[in-house]
Amino acid sequence: MKQKVPVLCNIAGIILVIAFVIKIIADYAQYTKSFTSAPFSVWVLADALSFLLPALIVLVIGFIVKKKL
């Protein structure tokens, strides 16, 4: 079971990165300067905190567990 943990962590991390890219594309398609007061970079930063930070944490956990096996 311990051997599956790094693989699952890597898969979860990759899924989060792919979800980030999809979310950025969807946000860009809906973004209009006339209706939003925040620049698009703020949206990207919020999505990065929501998707990329957890992806990084999961990938690091997977790396650490794999190294200890």
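Preceding this section is the structure that the text describes.
Here we summarise the structure given alongside this text.

Conventions and cut-offs
Residues numbered from 1 in each chain as written. Predicted model: local features only at pLDDT ≥ 70, side-chain atom pairs only at ≥ 80, totals over all residues. Heavy atoms only, no water. Axes fitted to C-alpha atoms, helices over the stretch in contact; angles between N-to-C directions. Helix = DSSP H or I, 4+ residues; strand = E, 2+ residues; numbered from the N terminus. Parallel < 35°, antiparallel > 145°, perpendicular 65-115°, else oblique. Nonpolar A, V, L, I, M, F, W, Y, C, P; charged D, E, K, R; others polar. Contact = heavy atoms within 4.5 Å. Patch = residues over 30% accessible without salt bridge, like charges linked within 9 Å, V, L, I, M, F, W, Y side chains within 5 Å. Areas by Shrake-Rupley, 256 points an atom, 1.4 Å probe, with all protein chains shown as cover. Salt bridge = Lys/Arg side-chain N within 4 Å of Asp/Glu carboxyl O. Phe/Tyr/Trp six-rings, centres within 6.5 Å; stacked < 30°, edge-to-face > 60°. Buried < 20%, exposed > 50% of the residue type's maximum accessible area, 1.4 Å probe, protein only. Expected span 1.5 Å × (residues − 1).

Turning to the packing of helix H1 (residues 4–30) against helix H2 (residues 40–68), a few remarks are in order. In contact at an axis separation of 7 Å, H1 and H2 are set at 170° when each is read in the N-to-C sense. Our classification of the angle between H1 and H2 gives roughly antiparallel. Here the residues of the contact of H1 with H2 sort into 22 nonpolar, three polar and four charged.

Another point: the side chain of Asp47. Summarising the element assignment, Asp47 is placed in helix H2. The contact partners of Asp47, leaving out residues within four places of it in the chain, are Phe20, Lys23, Ile24, Asp27 and Leu52.

Here we come to a nonpolar patch on the surface. On the surface, a cluster of nonpolar side chains totalling about 860 Å² of accessible area is made up of Leu45, Leu49, Leu53, Leu56, Ile57, Val60, Ile61, Phe63 and Ile64. In this fold, Leu56 is placed in helix H2.

What follows covers the packing of aromatic side chains. Under the definition given, this model contains four aromatic pairs. Relative to Trp43, the ring of Tyr31 has its centre 5.4 Å away and its plane inclined at 85°; by these criteria the two rings are edge-to-face. Of this pair, Tyr31 sits in the loop between H1 and H2 while Trp43 sits in helix H2; the two residues are 12 residues apart in sequence, bridging distant segments of the chain. Taking 6.4 Å as the distance between ring centres and 40° as the angle between the ring planes, the aromatic pair formed by Phe40 and Trp43 counts as tilted. Taken together, the residues span about one helical turn, with Phe40 and Trp43 both in helix H2 at a distance of three residues. With a relative accessible area of 24%, Trp43 lands in the partly exposed category. Aromatic rings pair up to connect Tyr28, Tyr31, Phe40 and Trp43 into one cluster.

Turning our attention to the pattern of salt bridges. Inspection of every chain in the model, using the stated rule, returns one salt bridge. Between Lys23 and Asp27 there is a salt bridge, with its nearest N and O atoms 3.0 Å apart. Here the residue Lys23 and the residue Asp27 both occupy positions in helix H1, the gap between them amounting to four residues, near one helical turn. When its relative accessible area of 33% is taken as the criterion, Lys23 is described as partly exposed.

What follows covers H1. Its 27 residues place the ends of H1 39 Å apart at the C-alpha level, agreeing with the 39 Å of an ideal helix rising 1.5 Å per residue. Buried within H1 we find Pro6, Cys9, Gly13, Phe20, Ile24 and Asp27. Looking at the buried residues of H1, the elements they touch are H2.

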